[in-house]
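Spelled out from the first residue to the last, the chains are:
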Amino acid sequence: MTALDELDKRILQTLQLDASLSNQELAQRVHASPPTCLRRVHRLRKEGVIAKQVAILSPEKVGAGLTAIVEITLDHQATEHQIAFEQLMLKEIAVQQCYRVSPGPDFVVIIQVADMAAYHALAHRLFATQSNVRNVRSFFSISRSKFETQVVLA
């Protein structure tokens, strides 16, 4: 874990709300000089604290309005089988998140696709054709009341 001082935390909290800020704007908001702010952001990126900066899209506005939360249970849970499943999930762009969980299913996967037909095709390709997938239980979002990407800094 990287040690973060109060300035680091202010920078990270501000960037989590708006990563498109210029260095000058960021420095003003966190009450630091632009050179200090720039050095800090570079260090936080280099240390992996800032994993990446992205634009978060509205799924409905880009034709990906169906969210599926899927529980997957594998037939064989040995480490190599779990890693193989994770590798399969990493290759699929529609899989937004993949969690190895306990207890219950082996994995919970969040999928974003256009519609039920797209989900069915993806589920067939990712789950039905895999010999090690024993059980798939899918839940479909009917509304999303909250979606945040912020991490609370202690």
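Draft legend 1. Quick peek at the overall build of the protein chain. Each helix and strand counted, the protein chain has five helices and four strands in total. For the protein chain, the N- to C-terminal ordering of α and β elements is α-α-α-β-α-β-β-α-β. Once the C-alpha set of the protein chain is aligned to its principal axes, its extents read approximately 55 × 35 × 25 Å. When the 154 residues of the protein chain are sorted by exposure, 31% land in the buried category. Look at the contacts in the protein chain between residues 6 or more apart in sequence, and 63% of them connect residues 24 or more apart.

Draft legend 2. Seen up close, helix H2 (residues 23-30). Within the sequence span of H2, burial applies to Leu26, Ala27 and Val30. The arc that holds the buried residues of H2, viewed along the axis, is 100 degrees, so those residues lie on one side. Considering only its buried residues, H2 is in contact with helix H1 (6-17) and helix H3 (34-46). Trailing H2 by a residue or two, His31 shows a phi angle of about 60 degrees, which is positive.

Draft legend 3. Just the nonpolar core, in detail. With 19 residues, the main nonpolar core has Ile72, Phe85, Val109, Ile111, Tyr119 and Phe127 as its most contacted residues. Those elements giving two or more residues to this core turn out to be strand E1 (66-74), helix H4 (79-91), strand E3 (107-113) and helix H5 (116-128). Those residues in contact with Phe127, other than ones at most four positions away along the chain, are Val70, Ile72, Phe85, Met89, Ile111, Tyr119, Leu122, Val133 and Val136. Of all hydrophobic cores here, the second largest spans 13 residues; its members include Leu15, Leu26, Ala32 and Leu44.

Draft legend 4. Spotlight on the pattern of salt bridges. Summed over the entire model, instances satisfying the criterion amount to nine salt bridges. The partner of Asp8 in a salt bridge is Arg40, with the nearest N and O atoms 2.9 Å apart. You can see Asp8 sitting in helix H1 and its partner Arg40 sitting in helix H3, a full 32 residues away along the chain. As far as burial versus exposure is concerned, Asp8 and Arg40 are alike and both buried. If you follow the salt bridges from partner to partner, you end up with Asp5, Asp8, Arg40, Arg43 and Glu47 in one network.

The rules behind these values
Residues numbered from 1 in each chain as written. Predicted model: local features only at pLDDT ≥ 70, side-chain atom pairs only at ≥ 80, totals over all residues. Heavy atoms only, no water. Helix = DSSP H or I, 4+ residues; strand = E, 2+ residues; numbered from the N terminus. Buried < 20%, exposed > 50% of the residue type's maximum accessible area, 1.4 Å probe, protein only. Contact = heavy atoms within 4.5 Å. Arc of directions from axis to C-beta. Core = buried A, V, L, I, M, F, W, Y, C linked by side-chain atoms within 4.5 Å. Salt bridge = Lys/Arg side-chain N within 4 Å of Asp/Glu carboxyl O.

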